Amino acid sequence: MSNKLHSLANLVVGLLVLGCNQSSTLVESFDSGDETQPLVIIDRLDREVPVGPPVKRIVSLSPATTELLFALNLGDQVVGATKNCNYPQQALDIPRVGGGTIESISSETIVSLKPDLVLCKWDTHQPLLETLDRLKIPVCAIGAQSLEELYEESLWIGLLTDRDEEASGLVSEMKSRHEQLAKIVAKHEQDPPLRVFYEVWDEPLMTAAPNSFIGEMLSMAGLENILSDTSVRYPRISSETVVEGKPDLILAPTSHFENVEIDAFVSRPGWSSVPAVVNERIYLISGDEVSRCGPRLLDAWAEIILAAYPDAAEEISATSTKPEVSR
């Protein structure tokens, strides 16, 4: 077997030739009889955010949010985004307000874009949120950490922007595919379950805990995370933890590796005896898709399921929404 294993995304698509942590109710009130009345939103930080519907000019401060806005046919209303907002292709034409970190984002640039609403991440952008509040710029803290929160935020943004039908359709489509994939998992999952290690990064060694949305996808795929005793979503861990955890499967994002070098894992102290390394069950999952709790998250879940259960390949490909074949 080759010591280079390619991204599972290519296999998922190629087979077509064969056949979030905080929880709140976001919309507090909405008077549908009077469009001049503002929505009052309870965001992920439990802040009351009045916004006059429908929103027309939006600044998005996370790639997942930008993808969601485009999925709701709101791309032409996104007037600002971060340097990391790279999907879909049209997103590359949006004016940039900085990178993804709080230090790199320019509040001056955001102000100059005259947004009706800024969508920021509840867990990383709080200082900026306070600045925008002082400047009287409507800002809402979001950032789904689970599929259910993603569905919720989709419907909420649809309501804010007069895209109710699009939002309901998107959520219905995602839920339908979710159900299809869940049936495949139920048919193929093993007892005892396969043990999995998800490598977010190698230096320092980091993983995805069960309370992250990546951890949720691993669990939904019928896999047992080797890490279960932490409240940190993406903790640093020791190499010994992986060796002691004896994962049957190792997954990593393509943003971490271009290809998996089996020899590189074998050379790590103690890892030559890890079942996933011995059996060469180390796979790459599409980095942007698996790392963003956005509309493409189910594509990443399909890749995870394929890594765990190769025999389910044709069933998984039948659920794919990707239009092109590439290897």
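Use the structure listed above.
Let me sum up the structure you'll find in this document. This is a predicted model, so every value here is computed, not measured.

This next bit is on the overall build of the protein. Broken down by element type, the protein carries 13 helices and 14 strands. Within the protein, the proportion of its 327 residues that are buried is 53%. Surface accessibility of the protein: about 14900 Å² in total, with carbon and sulfur atoms responsible for 48%.

Of the two faces of strand 8 (residues 139-142), the one lined by Val139 and Ala141 and the one lined by Cys140 and Ile142 are each fully buried. Note: strand 7 (residues 117-121) against strand 8, four bridges, orientation parallel. By the bridge assignment, Lys121 is partnered in strand 8 with Ile142. A crossover links strand 7 with its parallel partner strand 8, the connecting element being helix 4 (residues 126-134), and its sense is right-handed.

A separate point is the side chain of Arg177. Checked against the element boundaries, Arg177 lands in helix 6 (residues 164-188). Of the polar contacts made by the side chain of Arg177, one reaches the backbone oxygen of Thr319; its length is 2.9 Å.

The rules behind the values
- Residues numbered from 1 in each chain as written.
- Predicted model: local features only at pLDDT ≥ 70, side-chain atom pairs only at ≥ 80, totals over all residues.
- Heavy atoms only, no water.
- Helix = DSSP H or I, 4+ residues; strand = E, 2+ residues; numbered from the N terminus.
- Buried < 20%, exposed > 50% of the residue type's maximum accessible area, 1.4 Å probe, protein only.
- Areas by Shrake-Rupley, 256 points an atom, 1.4 Å probe, with all protein chains shown as cover.
- Pairing = 2+ DSSP bridges.
- Right-handed = clockwise from strand over helix to strand, strands pointing away.
- Polar contact = N/O pair within 3.5 Å; in protein donor to acceptor, adjacent residues only side chain to side chain.

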